[in-house]
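# Structure assessment
What follows is the residue order along each chain.
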Amino acid sequence: MTKMKRIYGLTKMKRIYDFLCPDGHVVEKYIEIDTTIIPCEICNQEAIRVVSFAGPCLDPISGDFPSATLRWARGRQAKIKAERKVAEA
Ligand SMILES: [Zn+2]
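Residues numbered from 1 in each chain as written. Predicted model: local features only at pLDDT ≥ 70, side-chain atom pairs only at ≥ 80, totals over all residues.

A few words on the pairing of strand β2 (residues 26–32). On a regular strand, one side chain projects to one face of the sheet and the next to the other, so that they alternate. Pairing of strand β1 (residues 14–20) with β2 involves seven bridges; the strand directions are antiparallel. Within the sheet, the bridge partner assigned to Ile-16 lies in β2 and is Tyr-30. Between β1 and β2, which pair antiparallel in sequence order, lie five residues; one of them, Gly-24, sits at a positive phi of approximately 90 degrees. (Pairing = 2+ DSSP bridges. Helix = DSSP H or I, 4+ residues; strand = E, 2+ residues; numbered from the N terminus.)

Here's what the structure looks like:
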């Protein structure tokens, strides 16, 4: 995981994610987008990132291909963020 952070060091993006551990604890973390597992703050087991389907990228019209749409939306979001970063620089 530390290696990943180094690779994305320049364009490291953070978001708020929910993490769910095997005991059902939900931990909310503001964390790098490439982090998918963190230790649970309550029981110290591995908490896995919960993919949130709520958000502006949800398109009900393309419901026939939800996974493809989601993949596209994710790529598009990353692109928008990258472009925004460039614009700000
Ligand atoms: Zn836990």
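This part takes up the pairing of β1. Of the pairings in the sheet, the one linking β1 to strand β4 (residues 46–50) comprises three bridges and is antiparallel in character. Counted as the bridge partner of Asp-18 is Val-50 from β4.

Turning to the sheet that holds β1, a few remarks are in order. The sheet built from four strands is open, its strands ordered β2-β1-β4-β3 with antiparallel pairing. Every interior strand has two partners, whereas the edge strands, β2 and β3 (37–39), have only one. This sheet shows a mean twist of 40 degrees between the axes of neighbouring strands, independent of strand direction. (Axes fitted to C-alpha atoms, helices over the stretch in contact; angles between N-to-C directions.)

Note: predicted coordinates in regions of low pLDDT should not be interpreted at a detailed level. Per-residue confidence for the protein chain gives a mean pLDDT of 77, with 65% of residues at or over 70. Mean pLDDT values for the elements of the protein chain range from 56 in helix α1 (residues 2–7) up to 96 in β3. (pLDDT = per-residue confidence, 0-100.)

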